[in-house]
Amino acid sequence: MTRTQMTVAGATALALVAGAGMAHAQSNGRAAAPAMEKCYGVALAGKNDCAAGPGTTCAGTSTRDYQGNAWKLVPTGTCVTIQTPKGAGSLAPVNR
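Since we're looking at a predicted model, the values are computed, not measured. (Residues numbered from 1 in each chain as written. Predicted model: local features only at pLDDT ≥ 70, side-chain atom pairs only at ≥ 80, totals over all residues. Heavy atoms only, no water.)

Participant: Any chance you could break down the side chain of Ser 90 for me, citing the residues and the numbers?
Facilitator: Mapped onto the secondary structure, Ser 90 falls in the segment after β4 (87–88). The buried category is assigned to Ser 90, whose relative accessible area is 16%. From its side chain, Ser 90 meets the backbone oxygen of Ala 92 in a polar contact 2.7 Å long. Once residues within four sequence positions are removed from consideration, Ser 90 is found in contact with Lys 38, Cys 39, Tyr 40 and Cys 79. (Helix = DSSP H or I, 4+ residues; strand = E, 2+ residues; numbered from the N terminus. Buried < 20%, exposed > 50% of the residue type's maximum accessible area, 1.4 Å probe, protein only. Polar contact = N/O pair within 3.5 Å; in protein donor to acceptor, adjacent residues only side chain to side chain. Contact = heavy atoms within 4.5 Å.)

Participant: Which residues make up the side chain of Asn 48, and what are the values?
Facilitator: With respect to the helices and strands, Asn 48 occurs in the loop between β1 (36–40) and β2 (71–75). Residue Asn 48 is classed as buried on the basis of its relative accessible area of 4%. Only 2.9 Å separates the side chain of Asn 48 from the backbone nitrogen of Thr 61, close enough to count as a polar contact. Polar contacts involving the side chain of Asn 48 include one to the main-chain amide nitrogen of Ser 62, which spans 2.9 Å.

Participant: Describe the environment of Lys 86, listing the residues and the values that go with them.
Facilitator: You can see Lys 86 is positioned in the loop between β3 (83–84) and β4. The sequence separation of Lys 86 and Arg 96 amounts to 10 residues, and the corresponding C-alpha distance is 7.6 Å. Non-local contacts of Lys 86, meaning those with residues more than four positions away in its chain, are made with Tyr 66 and Arg 96.

Participant: I'd love a proper account of the environment of Ala 92, names of residues and values included.
Facilitator: Here Ala 92 is to be found in the segment after β4. Residues Ala 92 and Cys 39, spaced 53 residues apart in sequence, show a C-alpha to C-alpha distance of 7.4 Å.

Participant: Talk me through the pattern of salt bridges; I want residue IDs and the actual numbers.
Facilitator: Two side chains bearing opposite charge may form a pair once their charged atoms approach each other closely. In this structure the tally under the stated criterion is one salt bridge. Linking Lys 72 and Asp 49 is a salt bridge whose minimum nitrogen-to-oxygen distance equals 3.7 Å. Placement of Lys 72 in strand β2 and of Asp 49 in the loop between β1 and β2 is noted, with a sequence separation of 23 residues between them. We classify Asp 49 as partly exposed; its relative accessible area is 26%. (Salt bridge = Lys/Arg side-chain N within 4 Å of Asp/Glu carboxyl O.)

Participant: Could you give me a rundown of the environment of Cys 50, with the residues and numbers involved?
Facilitator: Positionally, Cys 50 belongs in the loop between β1 and β2. With 23 residues separating them along the chain, Cys 50 and Leu 73 place their C-alpha atoms 9.0 Å apart. Setting aside residues no more than four positions away along its own chain, Cys 50 makes contact with Cys 58, Ala 59, Ala 70 and Trp 71.

Participant: Outline unusual backbone geometry, listing residues and values.
Facilitator: With phi around 60°, Tyr 66 is a residue other than glycine that occupies positive phi space. The topology assignment puts Tyr 66 in the loop between β1 and β2. Tyr 66 sits in the buried class, given a relative accessible area of 18%.

Written out as structure tokens, the structure is:
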């Protein structure tokens, strides 16, 4: 093998090993992520994940803090324990 061929072979092997390591790290990251649920009435103005009501395009469109029809993704089981100045989080839209 020539020096150039050895360099190319080595670089290819290194790229394959690095790619496999990255894929393994990414799959581990996904498996460790907690389950999430929609929590209404807990997002600050402009910080909602989605569902801010008619006339909005979605994420980041809530117009006031703790808007009852805007939701934020939170770890499953934590929504109703979140307390805001307007009340607790809700798994369904609330009137606020």
